[in-house]
Number of protein chains: 2
Amino acid sequence: MRAAVVREVREHERRVALVPELVGRLTGAGLEVVVEPGAGEWAFHPDDQYVAAGAEVSPSDVLESADVVLSVQPLEPDRIARLKPGAVTISFLPVSSELDVVRAARDAGVTALSVELVPRISRAQSMDALTSQALVGGYRAVLIAAERLPRFFPLSMTAAGTVPPAQVLVLGAGVAGLQAIATAKRLGAKVEAYDVRAASAEEVRSLGARFVELDLPSLEGAGGYAREMTEERAQLQRDRLAPHVSSADVLITTAAVPGRQAPLLVERAALEAMKPGSVVVDLAAESGGNVEGSVPGEEIRVGQTLLWGGRNVPSQLPVHASRLYAANVVNLTLLMTAEGEITVDLSDEIIDGACVTHEGAVRHEATRELLGGDG
Amino acid sequence: MRAAVVREVREHERRVALVPELVGRLTGAGLEVVVEPGAGEWAFHPDDQYVAAGAEVSPSDVLESADVVLSVQPLEPDRIARLKPGAVTISFLPVSSELDVVRAARDAGVTALSVELVPRISRAQSMDALTSQALVGGYRAVLIAAERLPRFFPLSMTAAGTVPPAQVLVLGAGVAGLQAIATAKRLGAKVEAYDVRAASAEEVRSLGARFVELDLPSLEGAGGYAREMTEERAQLQRDRLAPHVSSADVLITTAAVPGRQAPLLVERAALEAMKPGSVVVDLAAESGGNVEGSVPGEEIRVGQTLLWGGRNVPSQLPVHASRLYAANVVNLTLLMTAEGEITVDLSDEIIDGACVTHEGAVRHEATRELLGGDG
């Protein structure tokens, strides 16, 4: 059976769903691999690397004959319509914002798997693209900040005197936040971090950072994610975070609630109270922002503070973001592959959890509700 | 007596020669400190910080009454002409490219001290602005590279597999190079480094990096700087460096010979052989470049490699570059200050070494030669 790798067409997407290094894992399982010309171009993988790794790079339509299609962004509805009934797509598929894609997959009889919906169980860790890409985002957030800060990150002892380390505050201590903490510590900054989940305090401390205690009742969510909170409590949280924000040289925010608006954690007044030249990186800018006024993909001034809003941040480190994402989708593909044949086994909780559409129906309940009468 | 701090006017200069934190060291020695409005603006020090620290911020001419003038870049000839005879200027003063400034200082009877000429002796370490600014440049070079590299710097062990660390090659293991090595190591890269001075091997190794041996006869220069070499030997060096360059993800070049053209260490062919997405930072771009084709202040593509040419790199970290530079010039000023009086004591080898003009004459011999009959 054939696995197809598409060239991403959405703006700002530089990743590719399969890297040459991992082609052999699919061919070794008996699958043919066909790649659209230029698929890896923005991730610095020219076509000849795929050919050398055992894939075919085909200028003709790779979709019509595909049994499984690997992509980063969801396929456009018109491309889904060209797939065989029963073909499988594996990609990011944020269902609430991609209902057209869901309808197209349902109508084409395509099995659409969303990597966002892969359950967070230990057997699925190697398929967890949210985690792998959050690692990239957290790392990159620190580099963005360090490159823009007019100060050193590390304590510097020189013959001309000692300069103190930068103070970094990380809000949200999930995968991206922990990676940001670790990277900022590597660079020698003094780091403190906050998360609504009190349980994250130990992880924060194990990285050598200080955990900020706001003396609010804790919220523990399902599946390792934070749950939403009341507006009153949210305001109290913002107010108590404000002094920590204003004493930081660098603020990195990473708080996200999957499928929902990101919580507002920092108001404009707190940014304006930061030291001149401070840098704020809002990794949640695309989902509404943790910081008031952040704009995805833009760098703006708020008072004397630079506010950088993230937009597809993993795509900005395309070689390794692609490498990790490719491992995730290869592992998910191989879970469905035996002796060169792909079978969608809905009795496997990973496949069941990730499955949005199958055999002409929308299986994912929340998506069905979003579609209403059309589901 | 009065120390004046000017607002820098040269393009791309964001530093300031005195920071509020160090005002007290001058006033404590009995000097009045007067600051041009907006002098610290680009280094994130507003005027009120200087006032709070005990300086006067004066909208009228700060030069006419100044006994010592602190600046980063040399004062323009027309500003030097406004100084009192006997006034002292302390700044960078690259004599070979600033002969107009030298003439103006001589003609005005001004004592012009060049921080580049401060002798590299241990008593003068705290006044060594070349060192303090090179520290900034070396640190920043790594951040520039890491922010632009499409890969992680550190080894990353994840559930989706392990990605190897970035390979960083540093050419020139002086102050900037050693700082670049240390910063790249902090970020988790695998680092190798080369310098024509074999003696630097131990310093390189002490930072955990590999020293590249090219099996060329070593060159040891005076004052800790590398000397020039024959063209034949230079070509051999480039040829033997080429395979190290092409296997690196990041190349940082820092090789400079003060007052001369920087040595060409890397030819275009070696850049083109680098992995797609590699990043090259040439800190020597302003003095001719260590890398063929580098342009100061520009980011260009050579094949699939990004080549970043430095232009006033310390100025890109203006808070701490200013802080360290200010300590250097304050220390130099205080060396000349007793009981609130400034005296130029040419029997002190630091003052003698740094002195370009004094009492209407050009004292610095190499500069006198450059001026020819006009010296």
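Chain A goes by proton-translocating NAD(P)(+) transhydrogenase in an unreviewed UniProt entry, where it is assigned to Phytoactinopolyspora alkaliphila. Here chain A is described in UniProt, under the heading Sequence similarities (unreviewed entry), as follows: "Belongs to the AlaDH/PNT family."

Visitor: What exactly am I supposed to notice about the overall build of chain A here?
Guide: Per the secondary structure count, chain A includes 12 helices and 19 strands. Radius of gyration (C-alpha) of chain A: 22 Å, near the 21 Å computed for a compact globule of 375 residues. Along the longest, intermediate and shortest principal axes, the C-alpha atoms of chain A span 65 × 50 × 35 Å. Within chain A, contacts between residues separated by at least 24 positions form 65% of all contacts whose residues are at least 6 apart in sequence. When the accessible surface of chain A is split by element, carbon and sulfur atoms take 50% of a total near 14,200 Å². Of the charged side chains in chain A, 34 are positive and 50 negative; the average position of the first set lies 6 Å away from that of the second.

Visitor: Explanation requested: the sheet that holds strand β9 (residues 167-171) of chain B in the structure shown.
Guide: In a beta sheet, neighbouring strands are held together by backbone hydrogen bonds and run either parallel or antiparallel to one another. Residues and elements named next belong to chain B. Read across the open sheet, the seven strands follow the order β11-β10-β9-β12-β13-β15-β14; overall the sheet is mixed. Edge strands, defined here as strands with exactly one partner in the open sheet, are β11 (210-211) and β14 (299-302). Relative to strand β15 (residues 305-309), strand β13 (residues 279-282) runs parallel, the two sharing four bridges. Residue pairing for β15: Asp282 is matched across the bridge by Gly309. Along the sheet face, helix α5 (residues 129-148) touches β12 (250-253), β13, β14 and β15 and points at about 160° away from the line of β13.

Visitor: Got a minute to help me understand the sheet that holds strand β5 (residues 88-91) of chain B in this structure?
Guide: Residue and element names in this part refer to chain B. One open sheet holds the eight strands; their spatial order is β3-β2-β1-β4-β5-β6-β18-β19, and the pairing between them is mixed. The open sheet is flanked by β3 (56-57) and β19 (361-362), the only strands paired with a single partner. Sheet topology places strand β6 (residues 111-114) next to strand β18 (residues 355-358); two bridges connect them, and they run antiparallel. Looking across to β18, one finds that Leu113 is bridged to Cys355. The sheet strands contacting helix α10 (residues 318-335) are β4 (68-70), β5 and β6, and the helix crosses β5 at an angle near 150°.

Visitor: Before we go on, may I ask you to explain the packing of aromatic side chains in this structure?
Guide: What describes a pair of aromatic rings is the distance from one ring centre to the other and the angle between the planes of the rings. All names here are of chain A. Summed over the entire model, instances satisfying the criterion amount to six aromatic pairs over all chains. Taking the centre distance of 5.3 Å and the plane angle of 20° together, the rings of Phe92 and Tyr325 count as stacked. With Phe92 in the loop between β5 (88-91) and α4 (99-108) and Tyr325 in helix α10 (residues 318-335), this residue pair connects regions lying 233 residues apart in the sequence. In this structure Phe92 comes out as buried when scored by relative accessible area, which is 11%. Accessibility expressed as a relative area gives 0% for Tyr325, which makes it buried.

Visitor: Just to check I follow, could you spell out the packing of helix α1 (residues 20-27) of chain A against α10(A) for this structure?
Guide: Working note: a packed helix pair is described by the angle between its axes plus the distance between those axes. Residue and element names in this part refer to chain A. Running from N to C, α1 and α10 point in directions that differ by 5°, and their axes come no closer than 10 Å. Here α10 runs roughly parallel to α1, going by the angle between their axes. Side by side, α1 and α10 meet where Glu21, Leu22, Arg25 and Leu26 of the first sit next to Arg323, Ala326, Ala327, Val330, Asn331, Thr333 and Leu334 of the second. When the residues that make up the contact of α1 with α10 are grouped by side-chain class, the tally is six nonpolar, two polar and three charged.

Visitor: Could you clarify how one ought to interpret unusual backbone geometry in this entry?
Guide: Trans is the common state for peptide bonds, and a negative phi is the common state for residues other than glycine. Phi is positive for A:Phe44, which is not a glycine, with a value near 65°. Position of A:Phe44 relative to the elements: it lies in the loop between β2 (32-35) and α2 (47-52). The backbone phi angle of B:Glu339 is positive, close to 50°, even though this residue is not glycine. Judged by relative accessible area, which is 81%, B:Glu339 ranks as exposed.

Visitor: Looking at this structure, I do not really get the pattern of salt bridges. What am I missing?
Guide: Once their charged atoms are close, side chains differing in charge can pair, the charge on each being opposite to the other. This model, assessed by the stated rule, comprises 54 salt bridges over all chains. B:Arg210 serves as the salt-bridge partner of B:Glu192, at 2.4 Å between the closest nitrogen and oxygen. A residue pair is termed long-range when its members are at least 10 positions apart, and B:Glu192 in strand β10 (residues 190-194) and B:Arg210 in strand β11 qualify at 18 residues. Among the charged side chains, a network of salt bridges with common partners joins A:Arg140, A:Glu147, A:Arg148, A:Glu299, B:Arg140, B:Glu147, B:Arg148 and B:Glu299.

Visitor: What's the story with the relation of the copies chain B and chain A in this structure? I'm lost.
Guide: The operation relating the pair of chain copies consists of a rotation about an axis and a translation along that axis. You can overlay chain B on chain A at an RMSD of 0.0 Å; the transform is a turn of 180° with a shift of 0.0 Å along its axis. What the superposition gives is, in effect, a two-fold axis relating one chain to the other. Taking C-alpha positions as the reference, the residue of chain B nearest the rotation axis is B:Arg186, at 2.8 Å. Looking at the interface residues of chain B, 100% of them are also at the interface in chain A, so both copies use one shared face.

Procedures and definitions
- Residues numbered from 1 in each chain as written.
- Chains lettered and ligands numbered in written order.
- Predicted model: local features only at pLDDT ≥ 70, side-chain atom pairs only at ≥ 80, totals over all residues.
- Heavy atoms only, no water.
- UniProt positions renumbered as here; feature names shortened; annotations may be inferred.
- Helix = DSSP H or I, 4+ residues; strand = E, 2+ residues; numbered from the N terminus.
- Rg over C-alpha atoms; globule rule 2.2 N^0.38 Å.
- Contact = heavy atoms within 4.5 Å.
- Areas by Shrake-Rupley, 256 points an atom, 1.4 Å probe, with all protein chains shown as cover.
- Lys, Arg positive; Asp, Glu negative; His and termini not counted.
- Charge placed at Lys NZ, Arg CZ, Asp CG, Glu CD.
- Pairing = 2+ DSSP bridges.
- Axes fitted to C-alpha atoms, helices over the stretch in contact; angles between N-to-C directions.
- Phe/Tyr/Trp six-rings, centres within 6.5 Å; stacked < 30°, edge-to-face > 60°.
- Buried < 20%, exposed > 50% of the residue type's maximum accessible area, 1.4 Å probe, protein only.
- Parallel < 35°, antiparallel > 145°, perpendicular 65-115°, else oblique.
- Nonpolar A, V, L, I, M, F, W, Y, C, P; charged D, E, K, R; others polar.
- Salt bridge = Lys/Arg side-chain N within 4 Å of Asp/Glu carboxyl O.
- Least-squares fit on C-alpha atoms with pLDDT ≥ 70 in both.

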